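# Summary of the model geometry
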Amino acid sequence: MNKELEHSFVEQLEKHQNIVHKVCRLYTNNQNAHNDLFQEITIQLWKAYPKFRGEAKFSTWMYRVGLNTAITLYRKSKRTINTYEIDSLQYKIKSEEYDDTEEQQLKSLYKAVHKLNDIEKALVFLYLEDKDYKEISETLGITPVNARVKMNRVKTKLKKILNP
Amino acid sequence: MDELELLKKDWKNQTSEYPKLSYDEIYKMILKKSSSIVKWILIISVLEFAFWTLMSFALKDSKGVRSFDELGAENILIPMTVIGYAILIYFIYLFFRNYKSISATDNVKILMENILKTRKTVKQYVAFNLIYLVIATFVALGIEIEQNEVVRAKIEEATANGDALMFYAKIFFFTIVALGAAIAVLLVFYYLVYGLLLKRLNLNYKELKKLND
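Residues numbered from 1 in each chain as written. Chains lettered and ligands numbered in written order. Predicted model: local features only at pLDDT ≥ 70, side-chain atom pairs only at ≥ 80, totals over all residues. Heavy atoms only, no water.

### Some thoughts on the domain arrangement of chain A
Residue and element names in this part refer to chain A. Domain assignment breaks chain A into domain 1 (1–85) and domain 2 (98–164). Placing the centre of domain 1 and that of domain 2 at their C-alpha centroids yields a distance of 21 Å. Taken together, the 13 residues of domain 1 in the interface contact 14 residues of domain 2. Across the interface of domain 1 and domain 2, roughly 1400 Å² is buried in total on both sides, 64% from carbon and sulfur atoms. Three residues stand out in domain 1 for area buried against domain 2, namely Leu26, Tyr27 and Tyr63, and they jointly supply 44% of the buried area on that side. Here domain 1 is connected to domain 2 by 1 salt bridge. Between lysine 22 and glutamate 129 there is a salt bridge, with the nearest N and O atoms lying 3.0 Å from each other. Here domain 1 and domain 2 share 7 residue pairs in polar contact (both at pLDDT 80 or more) between them. (Domains from an automatic or database assignment. Contact = heavy atoms within 4.5 Å. Buried area = accessible area lost by both parts, 1.4 Å probe. Salt bridge = Lys/Arg side-chain N within 4 Å of Asp/Glu carboxyl O. Polar contact = N/O pair within 3.5 Å; in protein donor to acceptor, adjacent residues only side chain to side chain.)

### Re the interface of chain B and chain A
One widely used convention gives an interface's size as the accessible area the parts lose upon coming together. Listed as interface residues are 51 residues of chain B and, on the opposing side, 69 residues of chain A. Both faces combined, the contact of chain B with chain A buries some 5900 Å², and carbon together with sulfur accounts for 58% of it. Our enumeration of links across chain B and chain A arrives at 27 residue pairs in polar contact (both at pLDDT 80 or more). Only α1 (3–12), α2 (23–30), α3 (37–61), α6 (108–147) and α8 (164–212) of chain B provide two or more residues apiece to the side of chain B that touches chain A. Counting residues per element, the side of chain B that touches chain A draws most heavily on α1 of chain B, which supplies 10 residues. (Helix = DSSP H or I, 4+ residues; strand = E, 2+ residues; numbered from the N terminus.)

### Focus: the nonpolar core
Residues Phe9, Tyr27, Leu45 and Trp61 of chain A together with Ile115 of chain B are the most contacted members of the largest nonpolar core, which totals 88 residues. Counting residues domain by domain, this core receives three or more from each of domain 1 (1–85) and domain 2 (98–164) of chain A. For isoleucine 115 of chain B, the residues in contact, after removing those within four places along its chain, are Thr72 and Leu73 of chain A together with Ile37, Val38, Ile41, Ile102 and Leu201 of chain B. (Core = buried A, V, L, I, M, F, W, Y, C linked by side-chain atoms within 4.5 Å. Buried < 20%, exposed > 50% of the residue type's maximum accessible area, 1.4 Å probe, protein only.)

Below is the structure:
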């Protein structure tokens, strides 16, 4: 791998690192796990980078590798197991105008999303990132119709978790 | 308001909340080694291939097999060895072809399928070895009964006493128990290693497949 390739990769990842942080946020529950997953996604992105031809946007390509790593490739390391700390999430929940009920609602929502399975989380993630059903289906390898049907089911499931 | 819409609004406002890694920090990360399940599958699979190859070498030099040569069983042993190696090479080729096809840029479903396919190759190789082990054991047993003078003398003695059937039953019983125990140990080992390694992948793959059914 030459220096030029390393430089262009690191520069692009530095610019788009929030995408990776967002994946880590959905799939992990504490800072150690977040860092571990971030590290693994970075390695997987770098390994795949020589084949990245630039036909897709760097960010679009990152969604795919990021989710693949979180769902399939990542092996939770020992120190991240059994350290569920959903309540003490390091992220502050902020809304534009301070609203106690909305803040509470958001807290419960994030907790509920963490209870979804890996595939459901991927759907929610792509939805939150404003991806259309075509892109969601292409990323996951399902049909757009099935993506839409599943998304509706996830919404119902979230409602159930929130209002048991 | 729809729950997810509320979440989306907050999700988009959060960009400043994430850690901001510097160029150097990211650069250091790309120098580190991956610990993905694909890497573990590669390590374990290579060890498995090595284990079975070494086993065949070790067995070849053992006293039992060498005494076989004296029995003049080459016409069975040589073809079995050649077939064993040909199949080993075929499986190693298949394994690396499948391994190469694993790419993090495929969609989630294809990636999972390629990993499972790679894993299946090794599984088939192990199954082949177990079947081979069973066949080889019975072939060896047959040769011993037919040609080994010590065994033959014992059989003749048993026949004279009217215990021939009992003698054969004992031999088969102990062979089957020994084989069964060896296979059981191997299967438990596989179940533990791959069960733990692929538990999440299998679960997620099932979930995805369910969506497409």
